[in-house]
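Coordinates in review
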Amino acid sequence: MVRQALLSQYFFAQDTTEDEGKTRKRRKRCTCRDELELARPNTPVQMPKGVAKVQAESTKADPTPSGEDARDSEKSIQFEGGEIGIQKEQELIHVSLKSDYERMREERIRRNLAQMEELGLLRISGKIAQKNGIPKTSKRLQQKQTNSLKPLRRSSRVNRTSTEAMGAESRDADVQSDADDQEEHSLHYVDSSVKRYVCETVITSSRSEDRFPSGTKLVGYTRLPHTYPLGNRVYGVDDLQLRSLLAVGGHQGHTAIYSNDRSEEKNRAEGQSEPLLSFRSHRGWVSDVQFTSVQPDTSTLLLTSSNDATLKLWDLNQTTEINGQHVPKELVACDTLHTGGIFSMHELAQNVLTASKDSTCVLSHVSSDGKMEQITTYDSLHTGVIKCVRWRDHSVFGTSGKDRQVCLVDKRAKTGCVQTIENVHAFDVNIMEWDKQNDNFFLTASFDPFIHLRDVRAPQSPVYSFKGHMFLDSQRCRSIYHPVFVNNGNAVVASGERSGSLTVYSTKDGSMISQGHIGFDAFTMYSPGGPDPTLYAAARHAIQLFQPRFD
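Calculation criteria
Residues numbered from 1 in each chain as written. Predicted model: local features only at pLDDT ≥ 70, side-chain atom pairs only at ≥ 80, totals over all residues. Heavy atoms only, no water. Helix = DSSP H or I, 4+ residues; strand = E, 2+ residues; numbered from the N terminus. Buried < 20%, exposed > 50% of the residue type's maximum accessible area, 1.4 Å probe, protein only. Contact = heavy atoms within 4.5 Å. Areas by Shrake-Rupley, 256 points an atom, 1.4 Å probe, with all protein chains shown as cover. pLDDT = per-residue confidence, 0-100. Polar contact = N/O pair within 3.5 Å; in protein donor to acceptor, adjacent residues only side chain to side chain. Pairing = 2+ DSSP bridges. Axes fitted to C-alpha atoms, helices over the stretch in contact; angles between N-to-C directions. Patch = residues over 30% accessible without salt bridge, like charges linked within 9 Å, V, L, I, M, F, W, Y side chains within 5 Å. Salt bridge = Lys/Arg side-chain N within 4 Å of Asp/Glu carboxyl O. Phe/Tyr/Trp six-rings, centres within 6.5 Å; stacked < 30°, edge-to-face > 60°. Lys NZ or Arg CZ within 6 Å of the ring centre and 35° of its normal.

Moving on: the overall build of the protein chain. Helix and strand counts for the protein chain come out as seven helices and 36 strands. For the protein chain, buried positions account for 46% of its 551 residues. Across the protein chain, every contact between residues at least 6 apart in sequence was considered, and the portion connecting residues at least 24 apart equals 53%. For the protein chain, the exposed surface amounts to about 30,300 Å²; the carbon and sulfur share of it is 48%.

Structure (structure tokens):
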């Protein structure tokens, strides 16, 4: 039935609600300016704004699923003159409450979905979502989740010397340590590629034949074809000769372990070794890496220090997979030794020295079963950043720093520092290195163009000052370089900034023995000493090996 009603007056809508047994009536005044047209069944009509408002309020009170407005049960609209009924089976009022923008948006979505279906993108996206199983997260959140999965044993494993610090904080640390231990046990560890390599490889004595021959003169170095590829700049190198392993650490906290058995036919043919294990050990750049001097039969222990102020002990024989990366077992992760980044680290007989940007040097003892004990903190050696620390023997060590000083310390002395050498260089003393064959001598390097060789018995003046390894005798370089003793302490090798060469100096008379072009600046160099005369020189993307030449 078709009706047309022109409403030129006000109408009222009654809304009855029950509150504590009483009925209250609320009157709403609406103005209708348009015609209300009631159509035949299935014929959409325009509804005045007042009626649409009542319809919307009714929908809020009793919500229904989208798309079912046209199939609602009977609705009634109260008018002043009576009631207009809308029958579900007989009459249909199609009221569109959507805006033009919403209709256009839905139309675009339908067109896009249809186009994606034609291109097969919907099926591909479904497979990817099913494979991944988790939504993507931001890079910072992924890093936070990665750190939370690592088996950490932090300050609760370090025995502090102060008893006052072991109160409530110690009890909380014990609880945290128990939680960390439970988390560590939940990780599944397997034998690593390092352990399989050590077990399967027969360590040969071929390198012992290359020791520095006695009675001959070192005249230079020859490049070997063997290289170790790197993804980042290297700041620390160490080798474990008994197991023929090489460890490197550097930029962005990356650490890599390589096979150092160059007698293998495969390596000799290819001239390049891929890492046995590569992982990110720290959040900051790695300052030093070192295999512990005491190695258990069942473990391969590696110490790493970093600019993130942490000292870590790893068991390279066991690995677990975290976020698709093979990570060795972390036995100790101590971040309570320093308040600033660790610039240098050196271990001898399980006694570990760490030098920091917070102007302190800390002596700790680390055991092979994963425990660390802080023994002594030296906080009055330097007035600035301590850039290097090295053991001379089991009791005496030396430090150098930004204050241009070198401090000689005996751990047995109550006063700590036994000798201070001032104004060693014109700038920061970046490197200090002991002669392994004669522990009375040590060398230092700075940003100036000199390498000084000193004797602890008369340390105020250098025995020799080597010069000529830097480009055009520049007065100040910008990078830290690391000269090393070679040839049983009879020579020193250095590579200067922008020189692209290796320079060999004699420690017997202070003369320059040779200088050869290698094509890059080797700021990080390492010489194992003993039976292995090989020189490891780190470029930006690889470690190049050099063999000595004798006359």
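Now, onward.
Mean pLDDT for the protein chain: 76, with 66% of residues reaching 70 or above. With pLDDT under 50 throughout, residues 134–171 is counted as low confidence; its partners more than four residues away or in other chains account for 57 contacts. Segment residues 205–209: pLDDT under 50, and eleven contacts once partners within four positions in sequence are set aside and those in other chains are kept.

A separate point is the side chain of D410. Looking at the element boundaries, D410 is found in strand β24 (residues 406–410). Side chain to side chain, D410 and R412 meet in a polar contact 2.9 Å long. Beyond its immediate stretch of four places on either side in the chain, D410 contacts S395, V396, G416 and V418.

Let us now look at the environment of M372. In this structure, M372 sits in strand β21 (residues 372–378). Since its relative accessible area comes to 2%, M372 is described here as buried.

Strand order in the open sheet formed by four strands is β26-β27-β28-β29, and the pairing between neighbours is antiparallel. Edge positions in the sheet fall to β26 (429–434) and β29 (464–466), since each has one partner strand and no second. Sheet twist, expressed as the mean angle between neighbouring strand axes with direction ignored, is 20°. Where β26 lies against strand β27 (residues 441–446), five bridges are found, and the strand directions are antiparallel. Following the sheet pairing, W434 is matched in β27 by F442.

With that settled, consider a nonpolar patch on the surface. Residues I109, L113, M116, L119 and L121 make up a contiguous nonpolar surface patch of roughly 420 Å² in combined accessible area. In terms of residue count, helix α2 (residues 100–119) provides more of the nonpolar patch than any other element does, four residues in total. With respect to the secondary-structure elements, L121 resides in helix α3 (residues 121–132).

For strand β10 (residues 234–240), the buried fraction is high: six of the seven residues fall into the buried class. When β10 meets strand β11 (residues 245–250), the two strands line up antiparallel, connected through six bridges. Bridged to L240 within β11 is L245. Hairpin connection between β10 and β11: a loop of four residues separates the two successive antiparallel strands, and S244 in this loop has a positive phi of roughly 55°.

For the rest of this paragraph, the subject is the packing of aromatic side chains. Enumeration over the complete set of coordinates arrives at ten aromatic pairs. Arranged with centres 4.9 Å apart and planes meeting at 20°, the rings of F466 and Y505 form a pair that is stacked. Here F466, found in strand β29, pairs with Y505, found in strand β32 (residues 501–506); they are 39 residues apart in sequence, far enough to count as distant. A residue is classified by how much of its surface remains accessible, and Y505, at 1% relative accessible area, is buried. An aromatic cluster is defined as three or more aromatic residues linked by ring pairs; in this entry it consists of Y235, W285 and F343. One residue, R476, lies across the ring of F427, its end atom 4.7 Å from the ring centre.

Within the fold, H226 resides in strand β9 (residues 218–229). On the accessibility criterion, H226 (6% relative accessible area) is buried. Along the primary structure H226 and Q544 are separated by 318 residues, whereas in three dimensions their C-alpha atoms are 7.0 Å apart.

Another point: the pairing of β26. Where burial is concerned, most of β26 is hidden: six out of the six residues are buried. Hairpin connection between β26 and β27: a loop of six residues separates the two successive antiparallel strands.

With antiparallel pairing, the four strands of this open sheet are ordered in space as β10-β11-β12-β13. Of all strands in the sheet, those bounded by a partner on one side alone are β10 and β13 (277–280). Averaged over all pairs of adjacent strands, the angle between strand axes in this sheet comes to 15°, irrespective of strand direction.

Of note, Q252 is a non-glycine position whose phi angle comes to about 60°, a positive value. Tracing the sequence through the fold places Q252 in the loop between β11 and β12 (254–259). For Q252, a relative accessible area of 42% corresponds to the partly exposed category.

Scanning the model with the defined rule gives twelve salt bridges in all. As a salt-bridge pair, R390 and D288 come within 4.0 Å of each other at their nearest N and O atoms. Pair noted here: R390 is in strand β22 (residues 386–391) and D288 is in strand β14 (residues 286–291), with a separation of 102 residues, a long-range link. Of the charged contacts, one joins D428 and K402 as a salt bridge, the two residues approaching to 3.4 Å between their closest N and O atoms. Taken as a pair, D428 in the loop between β25 (417–421) and β26 and K402 in the loop between β23 (396–401) and β24 lie far apart in primary sequence, 26 residues in all. The buried category is assigned to D428, whose relative accessible area is 10%. With relative accessibility at 46%, the residue K402 sits in the partly exposed group. Here the residues in one salt-bridge network are E107, R110 and R111, joined through shared partners.

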